[in-house]
Amino acid sequence: MTIKSRRARFSAIAVVTALVFSASAVATPAQAAQKRLTIGFVVHVIGNPFIQQIIDAAQMAARDLNVKLVVTGPAGAEGDAQLTAVQNLAASGVDGIATSVPAASMVKGLNAIIKAGTPIVMFNGLGEGVNGPYVGEKSVESGRLLGKMVLEKIGGTTAKGDVIVGNCFPGFPVLENRSKGVLESLAKAPGVKIVGPSDVKVDSVANFAAWQGLLAANPNALAMVGLCAPDVESIGKVNAAAPSSKAIGGGYDLTTGNLEALANGTAHISLGQTPFVQGYLPVKVLADSLRNKIKINKPGFLDSGTEIVTATKVIEPFGSAPLTFKALQKMSASKALTRKYYDPIVKGYIKDWQKNLKPISDESA
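Here the structure is a predicted model, which means the values were calculated and not measured. (Residues numbered from 1 in each chain as written. Predicted model: local features only at pLDDT ≥ 70, side-chain atom pairs only at ≥ 80, totals over all residues. Heavy atoms only, no water.)

Okay, the overall build of the protein chain next. Summing up its helical and strand segments, the protein chain has 14 helices and 14 strands in all. Here the C-alpha radius of gyration of the protein chain, 20 Å, is about what a compact globule of 365 residues would show, namely 21 Å. Residues classed as buried in the protein chain amount to 55% of the 365 residues present. Of all intrachain contacts in the protein chain linking residues separated by at least 6 positions in sequence, the fraction that spans at least 24 positions is 75%. Accessible area of the protein chain: about 15100 Å², with a carbon and sulfur share of 57%. (Helix = DSSP H or I, 4+ residues; strand = E, 2+ residues; numbered from the N terminus. Rg over C-alpha atoms; globule rule 2.2 N^0.38 Å. Buried < 20%, exposed > 50% of the residue type's maximum accessible area, 1.4 Å probe, protein only. Contact = heavy atoms within 4.5 Å. Areas by Shrake-Rupley, 256 points an atom, 1.4 Å probe, with all protein chains shown as cover.)

Here it is, written out as C-alpha cells:
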C-alpha cells in the first residue's frame, strides 16, 4: 500500500471514528520561560478504556510541562492507518511524537521520520528496530507472573484439565511475549492442556462473544486467561452467565470493568502495566530531550512496572504507597486521585528517566 493510499484510508477512518484531543493549561512562570512544544500522541485504538487511561496521563504531563498535546488514532489497531497518522503529524511540524507500534510494518516509516529530525518515543506497543526509546512493561516476565498466579489458583503443578488462552491481537509483539510467558508457567503442570491461544478480538462486543464461544466449547475449563485489556471484564460476564463454570479468570489491566469483575468474584486476577507511566513518561522524555538537546535516537527501554491485583490484594510498583482494592477502584474512576497518587513517581522515577533507561533487550528478558 502506498503512502498516498494509506493517507486516504486513514482520513476516511478518522472522519468517522477517530478523536483528536488537545491538552494545554496556563503555564507557570518557570514554564513560560520555556518554548511551548507541540507533541503528537498516537494510540492504536480510540475508545478503549485502558488506552484512555494512558491518554489521560499524557494530558496531565502536557499540562505540567507546557506542552500542546495532539492525540489521535484509528478506531481499531491498524498499523497502516496509525503510521499515516504519525506521518501526518510529522508533516504538520510537531516537535516530537509518541506512538504505540502495533505492527512491524510501521518500523521503516517511523525510522524515516526520526532520521528526518522528529524524535519518536514508543509506548505500550513495541516496534522492534525503531530508533527511539520504549515505555512499557517487561512483557515476557509479566506473562510468566500471570501464568504462575493462574496455576496456583487451579491446583499447581498437579493440575489437570483445559486452560483457555486468548489473544485479542495475534502478532502484536508485546502480546506474543505475554503469551510466551503465560505458556511457560503453565507448562510446569504436565496435566494442563492449553486451548489456543485463540483470537478473541479487541472490540468489547466481539471479545465477549469470543470468550462465550470458547467456554461453550470447553465447559469444564479450569481457567480462562486473556492477554488484553477487554478480557477480564468479558471473562467475568461469561462466567456470570454460566453458573456451572468454575473457571478461574485472569488477564490484564485495571479498568473499572475489570476491577468490578474481580470485586464480584467472576474473575480473579488482573495485572496492570501502569498506564499513568505509559502516558506521562513519553511526553516527559520528549519534552526533556527537545529542550535540553538530549539524543534519544536509538532503542532503549523504560519499564512502566507491573501492578498485581486481586480482590484482596494490590501490589503497586516503584515502592508506591500501599493501596486497598477499594481505593484502587476509586482511583481508576478519578483523574484527580490518579494524579495525586502518582505524584511521587513523577518527582522520582519519571524525573530521573535518563538514569532508568535500559537496553531494549530488558523488555523481553
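This part covers the nonpolar core. In terms of nonpolar packing, the biggest core is built from 56 residues, with Leu110, Leu146, Ile154, Val163, Trp211, Met224 and Val225 touching the most fellow members. With residues near it in sequence (within four places) discarded, methionine 224 still touches Ile164, Trp211, Leu215, Ile235, Val238, Asn239, Ala247, Ile248, Gly249 and Gly250. Grouped together as the second largest cluster of nonpolar side chains are 53 residues, Val67, Leu262, Ala267 and Phe325 included. (Core = buried A, V, L, I, M, F, W, Y, C linked by side-chain atoms within 4.5 Å.)

Below, the discussion takes up the packing of helix H4 (residues 79–92) against helix H5 (residues 107–115). How two helices sit against one another is set out by the angle between their axes and by the gap between those axes. Where H4 contacts H5, the axes come no closer than 10 Å and their chain directions differ by 10 degrees. With respect to their mutual orientation, H4 and H5 come out roughly parallel. Side by side, H4 and H5 meet where Leu83, Val86, Gln87 and Ala90 of the first sit next to Gly109, Leu110 and Ile113 of the second. Among the residues making up the contact of H4 with H5, the classes are represented as five nonpolar, two polar and no charged. (Axes fitted to C-alpha atoms, helices over the stretch in contact; angles between N-to-C directions. Parallel < 35°, antiparallel > 145°, perpendicular 65-115°, else oblique. Nonpolar A, V, L, I, M, F, W, Y, C, P; charged D, E, K, R; others polar.)

With mixed pairing, the seven strands of this open sheet are ordered in space as S8-S7-S9-S10-S11-S13-S14. Of all strands in the sheet, those with a lone pairing partner are strand S8 (192–199) and strand S14 (314–315), marking the two edges. Judged from the three bridges that link them, strand S10 (residues 248–252) and strand S11 (residues 269–272) form a sheet pairing that is parallel. Paired with tyrosine 252 across the two strands is leucine 271, which belongs to S11. The strands touched by helix H8 (residues 204–217) are strand S7 (161–167), S8 and strand S9 (223–226); relative to S7, the strand with the most contacts, the crossing angle is about 165 degrees. (Pairing = 2+ DSSP bridges.)

Below, the discussion takes up the environment of alanine 247. Among the secondary structure elements, alanine 247 is positioned in the loop between helix H9 (231–241) and S10. Sequence-wise, alanine 247 and serine 92 are 155 residues apart; in three dimensions their C-alpha atoms are separated by 50 Å. For alanine 247, the contacting residues outside a window of four places in its chain are Ala221, Leu222, Ala223, Met224, Asn239 and His268.

Before going further, it helps to spend a moment on unusual backbone geometry. With an omega dihedral of 0 degrees, the bond running from glycine 196 to proline 197 counts as a cis peptide bond. The topology assignment puts proline 197 in strand S8. One non-glycine residue, asparagine 66, lies in the positive phi region at around 60 degrees. Along the chain, the position of asparagine 66 falls in the loop between helix H3 (49–65) and strand S3 (67–72). Here phenylalanine 318, not a glycine, exhibits a phi torsion of approximately 65 degrees, which is positive. Position of phenylalanine 318 among the secondary structure elements: in the loop between S14 and helix H12 (325–332).

Remark: helix H6 (residues 139–153) packs on helix H7 (residues 173–186), axes separated minimally by 6 Å, with the N-to-C direction vectors making an angle of 40 degrees. As summarised for this structure, H6 and H7 are arranged oblique, according to the angle between their axes. Considering the relative orientation of H6 and H7, their crossing is right-handed. On H7, the residues touching Ser139, Val140, Gly143, Arg144, Leu146, Gly147, Lys148, Val150 and Leu151 of H6 are Val174, Asn177, Arg178, Lys180, Gly181, Val182, Glu184, Ser185 and Leu186. (Left-handed = near helix turned anticlockwise from the far one by under 90°.)

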